[in-house]
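Geometric and topological summary
Letter by letter, the chains look like this.
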Amino acid sequence: MGKDALGLMVGMALGFAGWFGGFGAFLLVASLGGLGCAAGKYLERGGDLRDLLVVERGRR
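What this report covers is the structure whose coordinates are included nearby.

**Overview of the overall build of the chain**
The helix and strand tally for the chain stands at two helices and zero strands. A total of 60 residues make up the chain; the buried ones form 3% of that total. For the chain, the exposed surface amounts to about 5,500 Å²; the carbon and sulfur share of it is 65%.

See the structure below:
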């Protein structure tokens, strides 16, 4: 799938969310899409999913 087709699908999803759900739904879909994109790029570079989910605490 090309980047133009992917951009078209993302734009349509945001348009539908804005039309049927209002501005709040538009912002929710856009923010979750951004988080998903960031996580996908992190995993594509060789990161591990556990690194995103596990919070390490320092010793006192």
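**A closer look at the packing of aromatic side chains**
Under the criterion given, the structure shown has two aromatic pairs. Measuring from centroid to centroid gives 6.0 Å for phenylalanine 16 and phenylalanine 20, while their planes differ by 10°, and the two rings are stacked. In this pair, phenylalanine 16 and phenylalanine 20 both sit in helix H1 (residues 3-44), four residues apart, roughly one turn of the helix. On the accessibility criterion, phenylalanine 16 (49% relative accessible area) is partly exposed.

**Things to note about H1**
Given a rise of 1.5 Å per residue, 42 residues ought to cover 62 Å, yet the end C-alpha atoms of H1 are separated by just 16 Å, more than 12% below that figure. Where H1 bends most, the angle comes to about 145°, and this point is glycine 21.

Thresholds applied
Residues numbered from 1 in each chain as written. Predicted model: local features only at pLDDT ≥ 70, side-chain atom pairs only at ≥ 80, totals over all residues. Heavy atoms only, no water. Helix = DSSP H or I, 4+ residues; strand = E, 2+ residues; numbered from the N terminus. Buried < 20%, exposed > 50% of the residue type's maximum accessible area, 1.4 Å probe, protein only. Areas by Shrake-Rupley, 256 points an atom, 1.4 Å probe, with all protein chains shown as cover. Phe/Tyr/Trp six-rings, centres within 6.5 Å; stacked < 30°, edge-to-face > 60°. Expected span 1.5 Å × (residues − 1). Bend = angle between axes of the 7 residues up to and from the residue.

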